[in-house]
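Here's the letter readout for the chains.
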Amino acid sequence: MTEAAIQNDALLVTDQATNKVRQLIEEEGNEQLMLRVFVTGGGCAGFQYGFTFDDELADDDTVIEREGVRFLVDSLSVQYLQGSTVNYAEGLDGSRFTIDNPAAETTCGCGSSFSV
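Residues numbered from 1 in each chain as written. Predicted model: local features only at pLDDT ≥ 70, side-chain atom pairs only at ≥ 80, totals over all residues. Heavy atoms only, no water.

Chemist: So what's going on with the environment of D74? Which residues, and what values?
Modeler: If you trace the backbone, D74 turns up in the loop between β5 (69–73) and α2 (75–81). A residue is classified by how much of its surface remains accessible, and D74, at 19% relative accessible area, is buried. Residues D74 and L57, 17 residues apart in the sequence, show an inter-C-alpha distance of 9.5 Å. The contacts of D74, once residues within four sequence positions are left out, are R36, V37, F38, D60 and D61. For D74, the side chain forms a polar contact with the main-chain nitrogen of L76, separated by 3.0 Å. A polar contact is formed between the side chain of D74 and the backbone nitrogen of S77, at a distance of 2.8 Å. (Helix = DSSP H or I, 4+ residues; strand = E, 2+ residues; numbered from the N terminus. Buried < 20%, exposed > 50% of the residue type's maximum accessible area, 1.4 Å probe, protein only. Contact = heavy atoms within 4.5 Å. Polar contact = N/O pair within 3.5 Å; in protein donor to acceptor, adjacent residues only side chain to side chain.)

Chemist: A description of the pairing of β5 should follow, citing residues and the corresponding values.
Modeler: Within β5, 5 of the 5 residues are buried, which leaves it mostly tucked inside the rest of the structure. The alternating pattern of β5 places V69, F71 and V73 and R70 and L72 on opposite faces, both of which are buried. The sheet contact formed by strand β2 (residues 34–41) and β5 spans 2 bridges and is parallel. Counterpart to R36 in the pairing with β5 is L72. Note: strand β4 (residues 62–66) against β5, 5 bridges, orientation antiparallel. Of the residues in β5, the one forming a bridge with I64 is F71. (Pairing = 2+ DSSP bridges.)

Chemist: Pulling in residues and values, what's your account of helix α1 (residues 15–28)?
Modeler: The terminal C-alpha atoms of α1 lie 20 Å apart, and with 14 residues this matches the ideal 20 Å at 1.5 Å per residue to within 8%. Those residues of α1 lying buried are A17, T18, K20, V21 and I25. Within α1, the buried residues cover an arc of 165° as seen down the axis, which keeps them to one side. The exposed set on the far side of α1, more than 90 degrees from its buried face, consists of E26 and E27. Positive backbone phi, at 70°, marks G29, one or two positions downstream of α1. (Expected span 1.5 Å × (residues − 1). Arc of directions from axis to C-beta.)

Scope: geometric values only; no functional claims are made or implied.
Structure (structure tokens):
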């Protein structure tokens, strides 16, 4: 990975999200894993957020590195996620990664889909 691929200001990542990803990577025993954050069509508001672990970097990926933990965003998704914050929340309704997206005009009740 080249230094030019790292763009730490594309996406804000909270301490909670960074710590949870680090914990999950340690549990998997694969230091090459990175959390891929992406947007797909669908959901009740038009687009939906997705999260998956990946151990391969694509040529068009934006890499956000925080405290040694890497997050990936593909070139299509980065335009919808620019300036967003990734968090990890635990509550009565379960635990999950969440996104606070200032560009979203509307969101669904669960916060997993949005429209712009």
